[in-house]
Every structure is written in structure tokens, then in C-alpha cells.
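# Working through the structure, step by step
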Amino acid sequence: MTEYQVITGAEPLSRSGAIKLHGPEGFAGMRRAGRAAAEVLDALVPHVRPGVTTQEIDDIVHREMLARGGVPATLGYRGFTGSCCTSINHVVCHGIPGERVLKDGDIVNIDVTIFLDGWHGDTSRMFLVGDVPVKAKRLVDVTYECMMLGIAAAKPGHHLGDIGAAIQAYAERHRYGIVRDFCGHGLGRVFHDAPEVVHAGRPGTGPELRPGMFFTIEPMINIGKPAVKVLEDGWTAVTRDRTLSAQFEHSVGITEDGCEVFTKSPAGYDKPPYS
């Protein structure tokens, strides 16, 4: 049976297995953190181009977070060495920034999480590097629509399975694979919390969505099969068949009558091309 925990103030929180239900203070904190995270991705738009290294991108992310009064939640998290994740082409998620140079035709997911005033703003977007092939652009477009369909299904009285079912149906209509090894998650004052948000499922199954729930919706969609493997660095996840993968992520909160997206781009850069 699903356990819910009503959060009434600013008491210290930790991962407990219960799904936390936040009030107005939580929504205000998540709006600030979510907007700051989205602004960091907006700031990257002119910099993601051929010839740039993923370390240079990471440096910009770090600088932009500090400028907003926050810190990168990923830096040092379980030994992770970056202020963001940079996942290129067949990398599904958790790519580590370094000396890799972006090339013409690459697609790259940049995933940022800022910790600001006690709250986590977590979001990612796909970026197109130079002249990208049509099949890659199509994957990116479908992945964005998958996320948005999942968000549309996130409303009180629905279930987590409704979110996964909406994403799965659209991805499979395009004959793409939906990654199950990684999923969305609860967040707020805790970086990774209950519930797990799987991006495939059956309508009407899983925990009921209730006002005050905060979580991410972040489908990872592959052109090929859904299977992934983690490389020896312990972080970088890649498609087993080496086909392209794409991902988008928003942090959302369930309201009394729907869903609030905390991480929408203030500049309107929600999906590429960003021009």
C-alpha cells in the first residue's frame, strides 16, 4: 500500500519511502529552483556548437548556478565529478563532462540540477550540434512529445501508470524503444525521493497522483532497442545496440486541478531548434 507524508513546514527531510505531499511553501521553493535550472540551460544555447568540449559546457553550468545563488547538486554526488551530465548520441544518461569535443551532427542531452534555498530544480534538454541528420531530429522531436504527453497525464486522481502508458504508446507508435533501467523520481528538498516514475506502464496502475506531489518526468527514448549498459566508469549509460538515444526532463508538481511545470524555459527554449 502506498504511503503518503504530508509536509507541513520546513522540517528536515530525508528519503523515507513515503511519497511527500507539499504545501504552498514547497511550491514556492520549487518554482524558484526550477526557474533557475531552466535559466542555466537557456544560458547554454549560444555555446553548444561544434568544437566545444563537454568540460567547457560544465564550466558554464557551474558558473551560472553560482551566479543564481545555488550550487550544482550533482557535483560530488556519489562521487560524480560534473556540475551537469552531458550525454551524446548513443549515451542514454549520466555522461560525465570531460575533454570530449562536440562534432557537427551530434545530439546531446544536458541534464542540470541546481540546489537553491533548500530545493532541487532538475531538468534536461536535447541540443542539436550543427547540421543534424533527419532521423536524429525526428527522435528528438518524438522524445519531447513523449515527455509532454506524460505531463498531460499528470493530474490528481490519475496514477503513475497513466504517465508511463501515455509515453509508451507514443514512443512505440514510432517504433522506438523506451528505456526502463532509469526512471523519473520524486524530488524537493531531497534530490532523489519516492516515487519512481517509470516511463512505460498500464493506465490506472501504480500510486495515485495527489496534490502536493513533486517528481520528474524524463523519458529516455532509443531509436533501437531499449536495452542499456553502464560503462566501467560506473555512471555512463549507453544503448547496447549503439543506436541514438534522446531525453527531455521537467520537474512538476501536482496541483488541485492539474500539473505545474517548474522548469519551463523563461526564454521559450523548451525544444530545439533554439532560435
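Report on the accompanying structure. (Residues numbered from 1 in each chain as written. Predicted model: local features only at pLDDT ≥ 70, side-chain atom pairs only at ≥ 80, totals over all residues. Heavy atoms only, no water.)

### A word on helix 4 (residues 160–173)
Owing to its 3.6 residues per turn, the α-helix brings residues three or four apart onto one side. The terminal C-alpha atoms of helix 4, which comprises 14 residues, lie 20 Å apart, in line with the 20 Å expected from a rise of 1.5 Å per residue. Of all 14 residues making up helix 4, 10 are buried, and the element is well covered by its neighbours. Tucked inside the fold, the buried residues of helix 4 contact helix 3 (134–152), strand 8 (177–178), strand 10 (193–197), strand 11 (214–217) and strand 12 (220–222). Looking one or two residues past helix 4, R175 carries a phi angle of roughly 65 degrees, positive in sign. (Helix = DSSP H or I, 4+ residues; strand = E, 2+ residues; numbered from the N terminus. Expected span 1.5 Å × (residues − 1). Buried < 20%, exposed > 50% of the residue type's maximum accessible area, 1.4 Å probe, protein only. Contact = heavy atoms within 4.5 Å.)

### Points about the sheet that holds strand 15 (residues 245–247)
The strands making up a sheet associate through backbone hydrogen bonding, with each pair oriented either parallel or antiparallel. Strands sit in the order 8-12-15 across an open sheet of three strands; the sheet is antiparallel. The sheet terminates laterally at strand 8 and strand 15, the two strands that pair on one side only. In terms of strand pairing, strand 12 meets strand 15 through three bridges, oriented antiparallel. When the sheet's bridge partners are listed, N222 is paired in strand 15 with S245. (Pairing = 2+ DSSP bridges.)

### So, the sheet that holds strand 14 (residues 237–239)
Judged by pairing direction, the sheet is antiparallel, and its three strands sit side by side in the order 5-14-13 without closing on themselves. Two strands bound the open sheet, and with one partner strand each, they are strand 5 (91–93) and strand 13 (228–230). Taken pair by pair, the neighbouring strands of this sheet meet at an average axis angle of 40 degrees, ignoring direction. (Axes fitted to C-alpha atoms, helices over the stretch in contact; angles between N-to-C directions.)

### Let's talk about the environment of R189
Structurally, the position occupied by R189 is in the loop between strand 9 (184–186) and strand 10. Of the residues examined, R189 reaches a relative accessible area of 18% and is grouped as buried. For R189 and G26, which are 163 residues apart along the polypeptide, the C-alpha to C-alpha distance reads 8.6 Å.

### A word on the state of the cysteines
Enumeration over the complete set of coordinates arrives at zero disulfides. C93 forms no disulfide, and the closest cysteine sulfur to it belongs to C85, at a distance of 7.7 Å. Here C146 is not cross-linked by a disulfide; its sulfur's nearest cysteine counterpart is in C183, at 16 Å. For C146, a relative accessible area of 0% gives the class buried. (Disulfide = S-S within 2.5 Å.)

### Some words on the pattern of salt bridges
Going through the model one piece at a time under the given rule, you end up with 10 salt bridges. A salt bridge links E260 to R31, with the nearest nitrogen and oxygen atoms 2.6 Å apart. Here R31 lies in helix 1 (residues 24–44) and E260 lies in strand 17 (residues 259–261), a separation of 229 residues in the sequence. Under the relative-accessibility criterion, R31 is labelled partly exposed at 40%. A salt bridge links E39 to R68; its shortest N-O distance comes to 2.8 Å. Of this pair, E39 sits in helix 1 while R68 sits in the loop between helix 2 (54–67) and strand 3 (71–72), and the two are 29 residues apart along the sequence. Given a relative accessible area of 28%, R68 falls into the partly exposed group. Connected through salt bridges with shared partners, the residues R35, E39, E64 and R68 form a single ionic network. (Salt bridge = Lys/Arg side-chain N within 4 Å of Asp/Glu carboxyl O.)

Interpretation in functional terms is not warranted from these geometric data alone.
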